[in-house]
Amino acid sequence: MNGLLTIGEFSRITHLSVKTLRRYHESGLLEPATVDGFSGYRYYATDQVATAQIISRFRSMQMPEREVRAIISTPDSDARAQLITEHLTRLERRLDDTRSAVTALRRLLDPTPPTIEVRRILTEPCSVAAISAMVDAPDVLEWYSLAMAEIDAAVGRSDGPPGGMYDNELFTEGRGVMTVYVPTADMLFSNRIRPMTLPPTEFAVTVHHGPHDDIDVTYGALGVYVETNGLAIAGPVREVYAVGPRDTENSTLWRTEIGWQVFAASPTTR
C-alpha cells in the first residue's frame, strides 16, 4: 500500500520486534494504521514512528503499559507531564534503594568483619518536645520526616540534637511505636507535640558514620556486642542524630548515635 509500511519495515525503522508490535496491537498500545481485511497483514503510517519510539523509550524505563497508554492517549500536556514525573520519581526511589543495597553488601562482603566502638553510658533525665505514634515499617521514613518537620516548626530553641526511639516490635513485627523528639525545656503542647521527660537509662551506644545506606550493618554489629557481653535488651532502641540532614547535605559527615537499652542478663533472663 502506498505511503504505508509493512510490519517488517516498521520493525526495522523503530527497532521494535515484530512480536512486540503484534503484542502492542493486541493490547491496544499501538494499533496499525490499517489491517488488510483479507490477509490480516498490518500496515503502519510513517507518522507512527515517533509514537513507537516514545513507547519503546518508556518501556525501557520499566513504565507499565497502562501508564504508557495513558501518556500517549491523553491530549492534556499537564496530565502527561504529571504521569512522567511520577514514574521518574519511582525510578529515582528504586535507584536509591539499589545504591543502599550495594553499599550495605560491599560492607558485609568485606572479609574483615565490621568493627565498632561501643560505650556503656547512663543518660541524664532530659525534657523533650515529642511526637509518638504507632507506625507500620514501610511508613517509617515518611512518618519521621513529617513528624520532625512539625517539631522543628514549633520549637524555637533546642537544647541538643534531635533523636528518636523505636520499639523493637517495629523491627520484629513490622509495626510498633515511634517517638521523635527535640530536647527543650519548653512545655510545648501543639497539634501532635507533647512534652516528655526521658528518664535516666543505661545504653550500649555506638556511632554510625555517614549515610544510612548500611546502618543495618552497624545495628547488627551492636547486637552482636550486646549478645556476646552478657547483656539483655531492656527497651526500645534510641537514635540520636548528632550530625544529620538538618546540619549538612554532605551525608559523609552524618553521625548517628545508636543506643540499645540494656541490663546485665542472668542465664535465666537470657
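Here, the structure is the one placed above.
So, here's what we can say about the structure.

Thresholds applied
Residues numbered from 1 in each chain as written. Predicted model: local features only at pLDDT ≥ 70, side-chain atom pairs only at ≥ 80, totals over all residues. Heavy atoms only, no water. Helix = DSSP H or I, 4+ residues; strand = E, 2+ residues; numbered from the N terminus. Rg over C-alpha atoms; globule rule 2.2 N^0.38 Å. Contact = heavy atoms within 4.5 Å. Areas by Shrake-Rupley, 256 points an atom, 1.4 Å probe, with all protein chains shown as cover. Lys, Arg positive; Asp, Glu negative; His and termini not counted. Charge placed at Lys NZ, Arg CZ, Asp CG, Glu CD. Expected span 1.5 Å × (residues − 1). Core = buried A, V, L, I, M, F, W, Y, C linked by side-chain atoms within 4.5 Å. Buried < 20%, exposed > 50% of the residue type's maximum accessible area, 1.4 Å probe, protein only. Pairing = 2+ DSSP bridges. Axes fitted to C-alpha atoms, helices over the stretch in contact; angles between N-to-C directions.

Let's talk about the overall build of the chain
(1) Moving on: When its secondary structure is counted, the chain shows 8 helices and 11 strands.
(2) Moving on: Whereas a compact globule of 270 residues would reach a radius of gyration of roughly 18 Å, the chain reaches 28 Å, over 25% beyond that.
(3) Moving on: Taken along its principal axes, the extent of the C-alpha atoms in the chain is 85 × 50 × 35 Å.
(4) Moving on: A separation of at least 24 residues holds for 69% of the contacts in the chain among residues at least 6 apart in sequence.
(5) Moving on: When the accessible surface of the chain is split by element, carbon and sulfur atoms take 54% of a total near 16000 Å².
(6) Moving on: Charged side chains of the chain number 26 positive and 35 negative; the gap between the two group centres comes to 5 Å.

Here we look at helix α3 (residues 49–60)
An α-helical segment advances 3.6 residues per turn. Residues three or four places apart therefore align on the same side.
(1) Moving on: Its 12 residues place the ends of α3 16 Å apart at the C-alpha level, agreeing with the 16 Å of an ideal helix rising 1.5 Å per residue.
(2) Moving on: Backbone geometry just downstream of α3 places Q62 in the positive-phi region, at approximately 65°.

Points about the nonpolar core
(1) Moving on: Formed by 28 residues in total, the largest nonpolar core has its most connected members in Y166 and V180.
(2) Moving on: For this core, the secondary structure elements donating two or more residues are β5 (126–136), α6 (140–154), β7 (175–183), α8 (215–228), β10 (231–243) and β11 (255–264).
(3) Moving on: Per-element accounting of this core gives the leading share, 5 residues, to α6.
(4) Moving on: Ignoring any residue separated from it by four or fewer positions in sequence, one finds Y166 in contact with Y144, F171, V177, M178, V180, P236, V237, E239 and Y241.

So, the sheet that holds strand β1 (residues 4–6)
(1) Moving on: Pairing within the open sheet is antiparallel, and its 3 strands lie in the order β1-β3-β2. Either end of the sheet is taken by a strand with one partner, and the two such strands are β1 and β2 (34–35).
(2) Moving on: Across 3 bridges, the pairing between β1 and strand β3 (residues 42–45) is antiparallel. Paired with L5 across the strands is Y44, a residue of β3.
(3) Moving on: On the sheet, helix α1 (residues 7–14) packs against β1 and β3 and is oriented at approximately 90° with respect to β1.

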